[in-house]
Amino acid sequence: MLSHVQPLPGSLYGDEAYEAALSDLRAAVAEVSTALNDAEDAAVTQNLTRYQVDLNRAQLQLRPDDTAALERAHVLCRTVRRHLTTGAA
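Residues numbered from 1 in each chain as written. Predicted model: local features only at pLDDT ≥ 70, side-chain atom pairs only at ≥ 80, totals over all residues. Heavy atoms only, no water.

What to know about the pattern of salt bridges
So, point 1. Per the counting criterion, the structure on display carries four salt bridges.
So, point 2. Of the charged contacts in the structure, one is a salt bridge between E31 and R81, with a shortest N-O distance of 2.9 Å. Within this pair, whereas E31 is found in helix α1 (residues 16-38), its partner R81 is found in helix α3 (residues 67-86), the two being separated by 50 residues in sequence.
So, point 3. Relative accessible area serves as the criterion here: at 31%, E31 is assigned to the partly exposed category.
So, point 4. For R81, a relative accessible area of 21% corresponds to the partly exposed category. (Salt bridge = Lys/Arg side-chain N within 4 Å of Asp/Glu carboxyl O. Helix = DSSP H or I, 4+ residues; strand = E, 2+ residues; numbered from the N terminus. Buried < 20%, exposed > 50% of the residue type's maximum accessible area, 1.4 Å probe, protein only.)

In structure tokens, the structure reads:
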């Protein structure tokens, strides 16, 4: 839900969407790390490692004023979580 909030730039909560996206990315990285610890199949490990790299890259590229990147971060997190829950990782 927070990803749909658009605070006014420069306002008290102007970076809230950024913080929400960054938090979402960090949580997804933690979920992937946990899954990596439990992974026994080489292909699954490879996919999880790729997700981890993608999530880390998204964290580094995230900027508070780039609303498209903020939305892409949330989409990436949802995609990774969907793969984790369906076992498609």
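Focus: α1
So, point 1. Spanning 23 residues, α1 covers 33 Å between terminal C-alpha atoms, matching the ideal 33 Å at 1.5 Å per step.
So, point 2. Looking only at α1, the buried set comprises A17, Y18, A20, A21, L22, D24, L25, A28, V29, V32 and L36.
So, point 3. Where α1 is buried, its residues meet α2 (42-61) and α3. (Expected span 1.5 Å × (residues − 1). Contact = heavy atoms within 4.5 Å.)

Treat this as a map of the structure, not an account of what it does.
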